[in-house]
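# Survey of secondary and tertiary structure
Letter by letter, the chains look like this.
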Amino acid sequence: MERSLLKITHSNDEITLIFSGELSLYEISKFQKQVDALDLDKIKNVTLDLNQLSFLDTAASIFINNFQKFLAFKKIDTQLICDKEEIQASLELVKNQKSDALPHAKQKNIIEIIGKETHAKYLGFLSFIAFLGLLFSTKIFYLKSVKNIRFREIAFEINESAIKALGIVALTSFLIGLVVAYQSAYQLKIYGANIFIVDMLGLSILRELAPLMTAVVIAGRSGSAFTAQIGAMKITEELDAMRTMGFDPYMFLVIPRIIALMVAMPILIFVADVSAVIGGMIIANLDLGITPELFLDRFNTVIDVKHFFVGITKGPFFAFLIASIGVYRGLMVQNDTQSIGFNTTKSVVEAIFAVIICDAIFSIAFTNLGI
Amino acid sequence: MSIIIKVTDVTTMFEDKMVHDRISLSINKGEIYGLLGPSGCGKTTLLREMVMLQKYNSGCIEILGNNLNYIQYEKAQKLRREWGVLFQAGALFSSLNIAQNIALPLKEYTDLSDKMISEIVKFKINLVGLKSRDALLYPSQISGGMKKKAALARALSMDPKLLFLDEPTSGLDPISARDFDNLILRLRSLLGLSIVIVSHDLKSIYDTLDRVAIIDNKKIVYEGTLDNIASANSHFIKTFFK
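## Focus: the overall build of chain A
Broken down by element type, chain A carries 12 helices and 4 strands. Each of the 371 residues in chain A was classed as buried or not, and the buried ones make up 43%. Partitioning the intrachain contacts of chain A with sequence separation of at least 6 by distance along the chain shows that 80% fall at a separation of at least 24. For chain A, the accessible area works out to roughly 20,500 Å², and carbon and sulfur atoms hold 65% of it.

See below:
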């Protein structure tokens, strides 16, 4: 491409600007600087010579046009020398194109932003409550007759979101058992309280760690999947198609997922219990010299069965929170692709948060009840 | 001729933006009726209101004698079995193949045997011009035109009296689009359907529609046959039907 040049000649109160070559949007900023540097105070006449240009694009035409307007504003006479038809046409096009000013994005102040955000959060909370209300009213209708229960979908979802997660849940809890035992073994050794590792592990794993870790893994694995599946169905209008065919998405998609997870969660927690205790047992054997026989014997005497049931009872509650938040977020997906990612992230974060809150409430309740 | 859809004074607002301002129209039995208008005028919105996917702010819509303002759950479910809806992109269920998509309403709503259902599915697939060998393909494996045909077959699976089509020919090449028009005309004469179409395709508008309503600037600017459309006073009509 031929480069464009600008030659500026001064004489008394006159300036001549001679453009040559191909004037395009790549050259404008350079020329703008040169033009801005001109001292126009005592100038009465400016000549723009475009005859040596071989090409002028629309951006450059806007530049020339703006410069002419600027000179007119300064009350300086302008002559435009231009014989080539294409270049004249390009200048005319720009000059005659009427365009409205682009709207300015309204600047918001901090109070307005906080107010709007809070209001949006409030509306979000209300819509979640409305979702729960609809869920319960559908569920009551749903459970009126055994015929309405969609066993096939529930079985399918149990397989998808729980049975297939058994491996990862077991592995995570195994490692957690390992780590907790390893950390506490070091401390216990100092006091010679080796055998108490059984009490510690038994209580913390059965009551808290196993249910919580299972919930976190399932929220990340299955809760997000619910959001993404239902969100994608919403974007492709599959949910609308279901509604027009008289298939209530709550019956077909929402409730089977929630029931499936509520049924499967206690089983997952049981698996997590077992593998975490095995992890702890290995460390107890290697690090503290407690044989598995001794470990299990001690476990049997000091750990009451109620601790196991406390952990298992939390399962359906956690499952309900994870599944309903996952599904709700899926239904909140708007008609654009960004929205799926946004809502999937939200669903995992909110589900884990809700699970921890719920766990705290359980913790207080069980302690006060003396369980 | 009896009226099967009657829209009276319907007003729709999106937050504070008005989409429909007291729209009224009526659709007769056996008619192919078009909802036309410039982009963003609310044709699809009106269609969605008719099929109970969206609420309107005031006015009333009556479909097959049911007033949608006061309709009860059971009545609504029954009504939903009496119409078929074809969405713009087909909206086939992506987890099911074509045959399962078509069979789904039959499985849910009837106690037909599996053999009978597969007979019906085979008939519907061939009726819309698909091949029987396509039946086991999933929606992700077929072209846009096939998706529309498969979705039409699903919409027809319960033998509805009323069919709603949202831009049936958009995204199809001209030859497939004309085929689709002929298919719609043939189905009307074969099955005695009443059809409501939202469309932009001028050729298919002239070929298929009996009567039209044109929505422009929140109002109905014309309702009637295409013959005296030039008499209407609207910028959209003057430029679109010139």
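## Some thoughts on the packing of helix α2 (residues 58–73) of chain A against helix α3 (residues 85–96) of chain A
Residue and element names in this part refer to chain A. Two elements in contact, α2 and α3, have axes whose closest approach is 9 Å; the angle formed by their N-to-C orientations is 70°. By the criterion of interaxial angle, the relationship of α2 to α3 is roughly perpendicular. For the pair α2 and α3, the sense of crossing is right-handed. Facing α2, whose interface residues are Thr58, Ser61, Ile62, Ile64 and Asn65, α3 presents Ser90, Leu91, Leu93, Val94 and Lys95. In the contact of α2 with α3, the residues fall into 5 nonpolar, 4 polar and 1 charged.

## Quick word on the sheet that holds strand β8 (residues 194–198) of chain B
Residue and element names in this part refer to chain B. Here 6 strands make up an open sheet; going across it, the order is β6-β7-β8-β3-β9-β10 and the pairing mixed. The outermost strands of the open sheet, each flanked by one partner alone, are β6 (83–86) and β10 (219–225). This sheet shows a mean twist of 15° between the axes of neighbouring strands, independent of strand direction. Inspection of the sheet shows β6 paired to strand β7 (residues 162–166) by 4 bridges, in the parallel sense. Across the sheet, glycine 84 pairs through a bridge with leucine 163, a residue of β7.

## Notes on helix α9 (residues 249–288) of chain A
Residue and element names in this part refer to chain A. Compared with an ideal rise of 1.5 Å per residue, which puts 40 residues at 58 Å, α9 spans 55 Å between its outermost C-alpha atoms and is within 8% of the ideal. Among the 40 residues that make up α9, 29 are buried, leaving the element largely enclosed by the rest of the structure. Two or three places before tyrosine 250, at the start of α9, stands the capping residue aspartate 248, its side-chain oxygen 3.0 Å from that residue's backbone nitrogen.

## Focus on the sheet that holds strand β1 (residues 5–11) of chain A
Residue and element names in this part refer to chain A. Spatial strand order, β1-β2-β3-β4: 4 strands in an open sheet with mixed pairing. The sheet is open, and its two borders are formed by β1 and β4 (77–81), each paired with just one other strand. The sheet shows a mean angle of 15° between the axes of neighbouring strands, taken without regard to direction. Pairing of strand β2 (residues 14–23) with strand β3 (residues 45–56), which is carried by 9 bridges, proceeds in the parallel orientation.

## Considering the packing of aromatic side chains
Here the structure, examined in full by the defined rule, presents 15 aromatic pairs over all chains. Three or more aromatic residues joined by ring pairs make a cluster, and in this case those are Phe128, Phe131, Tyr250 and Tyr328 of chain A. Across from the ring centre of phenylalanine 252 of chain A, 4.0 Å away, lies the NZ or CZ of arginine 150 of chain A, which sits over that ring. Directly above the ring of phenylalanine 93 of chain B sits arginine 154 of chain B, whose terminal nitrogen or CZ lies 4.6 Å from the centroid.

## Describing the side chain of histidine 20 of chain B
All names here are of chain B. One can find histidine 20 in strand β2 (residues 17–28). Of the polar contacts made by the side chain of histidine 20, one reaches the side chain of threonine 12; its length is 2.9 Å. Within the structure, histidine 20 has its side chain in polar contact with the backbone oxygen of glycine 42 (distance 2.9 Å). Beyond its immediate sequence surroundings of up to four residues, histidine 20 is in contact with Val10, Thr11, Thr12, Cys41, Gly42, Thr45, Leu46, Glu49 and Lys218.

## Let's talk about the confidence of the model for chain B
Averaged over all residues, the pLDDT of chain B equals 87, while 99% of them reach at least 70. Here the prediction assigns the complex a pTM of 0.79, and the interface score ipTM is 0.83.

## Side note on the interface of chain B and chain A
With 21 residues of chain B at the interface, the matching set in chain A holds 16 residues. With both sides pooled, the region where chain B packs onto chain A buries about 1,500 Å², and carbon together with sulfur makes up 60% of that total. The three residues of chain B that bury the most area against chain A are Phe87, Phe93 and Glu108 of chain B, which together make up 30% of that side's buried surface. Here glutamate 108 of chain B makes a salt bridge to arginine 150 of chain A, at a shortest N to O gap of 2.6 Å. At the boundary of chain B with chain A, the tally comes to 8 residue pairs in polar contact (both at pLDDT 80 or more). Mapped onto the side of chain B that touches chain A, the elements with two or more residues apiece are α2 (73–80), β6 and α3 (98–109) of chain B. Taken together, the residues that form the side of chain B that touches chain A break down as 13 nonpolar, 3 polar and 5 charged.

## Describing the pattern of salt bridges
Residues and elements named next belong to chain B. Applying the stated criterion across every chain yields a total of 26 salt bridges over all chains. Ionic pairing is found between lysine 161 and glutamate 82, a salt bridge with its closest N-O pair at 3.6 Å. You can see lysine 161 sitting in the loop between α5 (144–155) and β7 and its partner glutamate 82 sitting in the loop between α2 and β6, a full 79 residues away along the chain.

## Things to note about the nonpolar core
Across soluble globular proteins, nonpolar side chains show a tendency to be buried alongside one another. Phe131 and Ile197 of chain A together with Ile5, Leu25, Met50, Ile63 and Phe164 of chain B are the most contacted members of the largest nonpolar core, which totals 107 residues. Top contributing element to this core by residue count: α9 of chain A, with 21 residues. Taken domain by domain, the makeup of this core includes at least three residues from each of domain 2 (107–147) and domain 3 (150–368) of chain A. Beyond its immediate stretch of four places on either side in the chain, phenylalanine 164 of chain B contacts Ile5, Leu47, Met50, Val51, Ile63, Trp83, Gly84, Val85, Leu86 and Val196 of chain B. Among the nonpolar cores identified, the runner-up in size contains 46 residues, and Leu152, Leu165, Tyr222 and Phe241 of chain B belong to it.

Each value, and the rule that gives it
- Residues numbered from 1 in each chain as written.
- Chains lettered and ligands numbered in written order.
- Predicted model: local features only at pLDDT ≥ 70, side-chain atom pairs only at ≥ 80, totals over all residues.
- Heavy atoms only, no water.
- Helix = DSSP H or I, 4+ residues; strand = E, 2+ residues; numbered from the N terminus.
- Buried < 20%, exposed > 50% of the residue type's maximum accessible area, 1.4 Å probe, protein only.
- Contact = heavy atoms within 4.5 Å.
- Areas by Shrake-Rupley, 256 points an atom, 1.4 Å probe, with all protein chains shown as cover.
- Axes fitted to C-alpha atoms, helices over the stretch in contact; angles between N-to-C directions.
- Parallel < 35°, antiparallel > 145°, perpendicular 65-115°, else oblique.
- Left-handed = near helix turned anticlockwise from the far one by under 90°.
- Nonpolar A, V, L, I, M, F, W, Y, C, P; charged D, E, K, R; others polar.
- Pairing = 2+ DSSP bridges.
- Expected span 1.5 Å × (residues − 1).
- Polar contact = N/O pair within 3.5 Å; in protein donor to acceptor, adjacent residues only side chain to side chain.
- Phe/Tyr/Trp six-rings, centres within 6.5 Å; stacked < 30°, edge-to-face > 60°.
- Lys NZ or Arg CZ within 6 Å of the ring centre and 35° of its normal.
- pLDDT = per-residue confidence, 0-100.
- Buried area = accessible area lost by both parts, 1.4 Å probe.
- Salt bridge = Lys/Arg side-chain N within 4 Å of Asp/Glu carboxyl O.
- Core = buried A, V, L, I, M, F, W, Y, C linked by side-chain atoms within 4.5 Å.
- Domains from an automatic or database assignment.

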